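Take a look at the letters that make up each chain.
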Amino acid sequence: MIVKGLDHGYLFTKDNEHRKFRSAYTRIDNTLSDKSKIIIDGETIYFGSGNTTVDVDKTDNKLTRISTIANLAMTGLNEYLLVVGLPIIQYKDFKDKFAENIMSYNKCDVIYQGKQFKPQIKDVTVLAQGVGAMFGLNVKDGEYIVFDIGSYTINISLVEVINGIPYIIKFDTWFKGVLTLYNDIIKEVNRMYTVSLPPEHAEKILKEGLIIHAEQKDTKWISEMLNDYLVDILSKFKANYPYAVTPILLHGGGGSLLKDIFEKMFKNYVLLGNSQFANAIGYYNFGLQKYGNLLERRSRYA
């Protein structure tokens, strides 16, 4: 039995051991191996490519079920204590529903890489995205702003840490993650160069520049798009949070991409290590605290 922190991102599914694949699936075999092939209740599925979801509520959709089971099957063990997360705005109303739905995956018949896999999820804990990343950071008591920029959502919270435990003072979830920016960038690239790149290719452009037909293209115009994207977000942020006197903990896949802009604007910000996996790692650390006694007893009598 192990603890697993699992982050069901709208763009990528990630765990605390740095496993990562696109939150998508297809019934068409377009791979050269069986690593992404999984059979769930008699249906053959290829995860990591194909259809994604635009559902704001991911607690009971098919993609969440496929991504969860696929990650557990990839890990290769049977018994799990899962810690997962939801956008802060959904946490209170949907956490019980999310946990119950994940527990129902135990009923699934699964074949992965030609072998029978029987998920045995022993318990599920649901945390609030963004704040979950704080567990295991060993920060001092005091107030912090947690700024989690994901693919579809941005979760911001003002948190007070008391005796090592984070308490949420106020929060916001904005459905304006980096996919909004990616779509704008790729739409313009496709128009300018008559190509048909997918939105997620924008991440590569932001990191490595734009290369079309082996020629490096000018991307100065992207800086204007970055600024336009952030203007509304940061204006709301500055109006509602004490950013000038409170340390800002930045993470998420978008956090690592936008860190240079944050560095210019906020001298008191810190980009968390492994920022794209920060939620999953935080979930795992919380799970170790919650389930530590259970794991110790199991180990003692194994």
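Quick look at the structure, then. (Residues numbered from 1 in each chain as written. Predicted model: local features only at pLDDT ≥ 70, side-chain atom pairs only at ≥ 80, totals over all residues. Heavy atoms only, no water.)

### Thoughts on the overall build of the chain
Broken down by element type, the chain carries eight helices and 17 strands. Computed over the C-alpha atoms, the radius of gyration of the chain is 20 Å, within 12% of the 19 Å expected from 2.2 N^0.38 for a compact globule of 302 residues. Dimensions of the chain, computed from C-alpha atoms along their principal axes, come out at roughly 60 × 50 × 30 Å. Within the chain, buried positions represent 48% of all 302 residues. Here the analysis covers contacts within the chain between residues at least 6 apart in sequence; of these, 63% occur between residues at least 24 apart. A total of about 14700 Å² of accessible surface is found on the chain, and carbon and sulfur atoms cover 50% of it. Measuring between centres, the 36 positive side-chain charges of the chain sit 3 Å from its 34 negative side-chain charges. (Helix = DSSP H or I, 4+ residues; strand = E, 2+ residues; numbered from the N terminus. Rg over C-alpha atoms; globule rule 2.2 N^0.38 Å. Buried < 20%, exposed > 50% of the residue type's maximum accessible area, 1.4 Å probe, protein only. Contact = heavy atoms within 4.5 Å. Areas by Shrake-Rupley, 256 points an atom, 1.4 Å probe, with all protein chains shown as cover. Lys, Arg positive; Asp, Glu negative; His and termini not counted. Charge placed at Lys NZ, Arg CZ, Asp CG, Glu CD.)

### Let's talk about the sheet that holds strand S7 (residues 79-86)
By definition, the strands of a sheet pair up through backbone hydrogen bonds, in either a parallel or an antiparallel sense. Ordered by their spatial adjacency, five strands build an open sheet running S3-S2-S1-S7-S10, and the pairing between neighbours is mixed. Of all strands in the sheet, those bounded by a partner on one side alone are strand S3 (20-22) and strand S10 (120-128). On average, each strand axis in the sheet is inclined to that of its neighbour by 20°, with strand direction left out of account. Each of strand S1 (2-8), S7 and S10 touches helix H2 (residues 88-103); the most contacted strand, S10, lies at about 175° to it. (Pairing = 2+ DSSP bridges. Axes fitted to C-alpha atoms, helices over the stretch in contact; angles between N-to-C directions.)

### Describing unusual backbone geometry
With a phi angle near 50°, Asp-41 is a residue other than glycine that sits in the positive phi range. Note on Asp-41: relative accessible area 45%, which makes it partly exposed. You will see that Gln-113, though not glycine, has its phi angle at about 50°, which is positive. Among the secondary structure elements, Gln-113 is positioned in the loop between strand S8 (110-112) and strand S9 (115-117).

### What about the sheet that holds strand S4 (residues 25-26)?
One open sheet accounts for five strands, arranged S4-S6-S5-S8-S9; its pairing is antiparallel. Both outer strands of the open sheet, S4 and S9, are each paired with one neighbouring strand and no more. Pairing analysis gives three bridges linking S8 to S9, with the strands arranged antiparallel. Within the sheet, the bridge partner assigned to Val-110 lies in S9 and is Phe-117. The sheet strands contacting helix H1 (residues 62-75) are S4, strand S5 (37-40), strand S6 (43-47), S8 and S9, and the helix crosses S5 at an angle near 115°.

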